[in-house]
Amino acid sequence: KWYIECFTSETIMSAFATTLQITMISAVLSTIIGTMAAIGISKMRRNSRTFYLGATNIPLLNADIVTGISMMLLFVKFVDLGFVTVLVAHITFSIPYVILNVLPKLKQANRSTYEAALDLGASPLYAFYKVTWPEIRSGVFSGFLMAVTMSLDDFSITYFTKGAGVNTLSTMLYTELRKG
């Protein structure tokens, strides 16, 4: 009975749709940004790479609530809280997970084959898609799945960065449970 009630409620279905929108948009964008960042980090010298990997680990080590409150304070200073702030927060939170999934595949990849493709006349973009992409595709896909999972699962960051009128499934259920 309650599941039928759940799926017929317009408020719950709206919150569910918002949750899926935020999850999918943030996962796709964080996968693109994270993959490009991983490629850039893999090409750096050792000292620079160590610095950026350390910076990448900061969101992983912080509690979600710390990240959520700090992003809320940043957003409140410059913009009004809303759908976009939740989306930016989720993208920012998911990028390190994508980077850490793509980097090991880049380390396994053979750089010589990419350079050989360039020497044989391939454009850098063509060489990337024909040589590098097949080698890192599984890491990118696992990073995407990790971004989907983290975005779908995250309550704290969403709770602190959402504005009035933006409800995801987790925040709506939390609000309803507090009301009783």
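In what follows, the structure referred to is the one given above.
Residues numbered from 1 in each chain as written. Predicted model: local features only at pLDDT ≥ 70, side-chain atom pairs only at ≥ 80, totals over all residues. Heavy atoms only, no water.

Chemist: Whenever I open this one, the overall build of the protein chain confuses me. Can you help?
Modeler: Across its full length, the protein chain holds nine helices and zero strands. Counting only C-alpha atoms and orienting by the principal axes, one finds that the protein chain spans roughly 65 × 35 × 25 Å. Each of the 180 residues in the protein chain was classed as buried or not, and the buried ones make up 36%. Restricting the contact set of the protein chain to residue pairs at least 6 apart, pairs at least 24 apart contribute 77%. (Helix = DSSP H or I, 4+ residues; strand = E, 2+ residues; numbered from the N terminus. Buried < 20%, exposed > 50% of the residue type's maximum accessible area, 1.4 Å probe, protein only. Contact = heavy atoms within 4.5 Å.)

Chemist: Explain the nonpolar core to me, please; I cannot follow it from the model alone.
Modeler: Most often, soluble globular proteins keep nonpolar side chains buried together rather than apart. With 17 residues, the main nonpolar core has Ala27, Ala38, Ile99, Val102, Leu103, Leu106 and Ile136 as its most contacted residues. Counting only elements with at least two residues in this core, the list comes to helix 2 (10–42), helix 5 (83–108) and helix 7 (124–153). Other than its neighbours up to four places away in sequence, Val102 contacts Thr35, Ala38, Gly139 and Val140. With seven residues, the next largest nonpolar core counts Met71, Phe75, Phe93 and Ile157 among its residues. (Core = buried A, V, L, I, M, F, W, Y, C linked by side-chain atoms within 4.5 Å.)

Chemist: Looking at this structure, I do not really get the packing of helix 6 (residues 111–119) against helix 7. What am I missing?
Modeler: A pair of packed helices is captured by two measures, namely the crossing angle of their axes and the spacing between those axes. At their nearest, the axes of helix 6 and helix 7 sit 9 Å apart, and the two run at 155° to each other. Put simply, helix 6 runs roughly antiparallel to helix 7. The two elements helix 6 and helix 7 meet at a crossing, and its hand is right-handed. In this structure, helix 6 uses Thr113, Tyr114, Ala117 and Leu118 to contact helix 7, whose residues at the interface are Pro124, Ala127, Phe128, Val131, Thr132 and Glu135. Across the contact of helix 6 with helix 7, the residue classes break down as seven nonpolar, two polar and one charged. (Axes fitted to C-alpha atoms, helices over the stretch in contact; angles between N-to-C directions. Parallel < 35°, antiparallel > 145°, perpendicular 65-115°, else oblique. Left-handed = near helix turned anticlockwise from the far one by under 90°. Nonpolar A, V, L, I, M, F, W, Y, C, P; charged D, E, K, R; others polar.)

Chemist: How should I be thinking about the packing of aromatic side chains in this particular structure?
Modeler: What describes a pair of aromatic rings is the distance from one ring centre to the other and the angle between the planes of the rings. As enumerated under the stated definition, the model contains eight aromatic pairs in all. Their ring planes at 80° and their centres at 5.4 Å tell us that Tyr159 and Phe160 sit as a pair that is edge-to-face. By relative accessible area, Tyr159 is classed as partly exposed at 29%. The class for Phe160 is buried, based on a relative accessible area of 19%. Among the aromatic side chains, those forming a connected cluster through ring pairs are Phe155, Tyr159, Phe160 and Tyr174. (Phe/Tyr/Trp six-rings, centres within 6.5 Å; stacked < 30°, edge-to-face > 60°.)

Chemist: Would you mind showing me how to read a nonpolar patch on the surface here?
Modeler: A contiguous nonpolar patch, built from Tyr3, Phe7, Met13, Phe16, Leu20 and Leu152 and spanning about 630 Å² of accessible area, is present on the exposed surface. Elements represented by at least two residues in the nonpolar patch include exactly helix 1 (2–8) and helix 2. Top element by residues in the nonpolar patch is helix 2. It accounts for three residues. The topology assignment puts Phe7 in helix 1. (Patch = residues over 30% accessible without salt bridge, like charges linked within 9 Å, V, L, I, M, F, W, Y side chains within 5 Å. Areas by Shrake-Rupley, 256 points an atom, 1.4 Å probe, with all protein chains shown as cover. Salt bridge = Lys/Arg side-chain N within 4 Å of Asp/Glu carboxyl O.)

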